[in-house]
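Geometric and topological summary
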Amino acid sequence: MIAKLSRRVLLTALAALALAAPAAVQAQAKAPIIVFAAASLKNAMDEAGKAFTAATGQPVVFSYGASSAIARQIESGAPADVFISADADWMDYVQKRGLVVAASRRNLLTNHLALIAPASSKVQLRIAKGMPLARALGGDGRLAVAGPDVPAGRYGKASLIALDVWDSVAGKLAPAENVRAALQFVAQGQTPLGIVYDTDARIEPRVRIVGLFPDASHPPIVYPMALVAASKNGQAKDFLAFLRGPSAAAVFRRYGFIVLH
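Conventions used here
- Residues numbered from 1 in each chain as written.
- Predicted model: local features only at pLDDT ≥ 70, side-chain atom pairs only at ≥ 80, totals over all residues.
- Heavy atoms only, no water.
- Buried < 20%, exposed > 50% of the residue type's maximum accessible area, 1.4 Å probe, protein only.
- Helix = DSSP H or I, 4+ residues; strand = E, 2+ residues; numbered from the N terminus.
- Arc of directions from axis to C-beta.
- Contact = heavy atoms within 4.5 Å.

Description of helix H11 (residues 246-254)
- Within H11 the residues assigned to the buried category are Ala-248, Ala-249, Val-251 and Phe-252. Down the axis of H11, the buried side of the element spans an arc of 160°, and every buried residue falls inside it. Residues of H11 that are exposed and point more than 90 degrees away from the buried face comprise Pro-246 and Arg-254.
- Turning to H11, the residues buried within the fold contact helix H2 (42-56), strand E4 (106-110), helix H10 (236-243) and strand E11 (258-259).

Structural data, given as structure tokens:
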């Protein structure tokens, strides 16, 4: 009787293991893809990630921030599968250190740079050489910008220099951690003007676009993406391919990005 019971228990245990094995493999296959992406991509990338998950069942987790900050996090060993920067410089930074797979690198999107004001503001200013930007800020007003290491901050400074107004406003800046933080300075009325991407302004009803900076006044805005070299998630390449496909392109265009493929 005991022998029969032991045999029954053994068979039950083996059957349970057989059932558990595929589930374990499936759970391992569905480990989330971890994407480190520029803060300006948040709304569009969240939607693209949901579309990818709906189509494949593969979860995607995003970590957003200034390209400079997330590049350094990857350099410090933070777990990530995909890196999407808001400029070529920070992608170059990680690539030169062997932290991304060079062959996987692609330019995904471009954007425009915008001068914004609170939605209730009456400020009118034509973006042109020698524009009276300092006067538009008022006596103690500040210009919200992304920090000097952040792509949006670099693009903004380049434009202001090209338009011969940098010297007049260099002492009147309100530097922010990233471009979305600069957006909030203006949205909350903490600063009368700010420089962000026009895609940022589109998703924030509390601001309005005063004008767009000429594309020729700053280096080309580009969002490169690449597979992180330390990634162990075999599905990450599928997500990169999805981002270059028609479904993701439709999402990006809806948020105002220009698709580069």
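Let us keep going from here.
Some details on the side chain of Ser-67
- Relative to the assigned elements, Ser-67 resides in helix H3 (residues 67-75).
- In this structure Ser-67 comes out as buried when scored by relative accessible area, which is 1%.
- With residues up to four places along the chain from it excluded, the contact list for Ser-67 reads Ala-38, Phe-83, Ser-85, Ala-86, Trp-90 and Pro-151.

What to know about the environment of Arg-202
- Within the secondary structure, Arg-202 is located in helix H9 (residues 198-202).
- Residue classification places Arg-202 among the exposed positions, given a relative accessible area of 54%.
- In the structure, Arg-202 is positioned 53 residues away from Tyr-255 in sequence and 7.4 Å away in space, judged by C-alpha atoms.
- The contact partners of Arg-202, leaving out residues within four places of it in the chain, are Tyr-255 and Gly-256.

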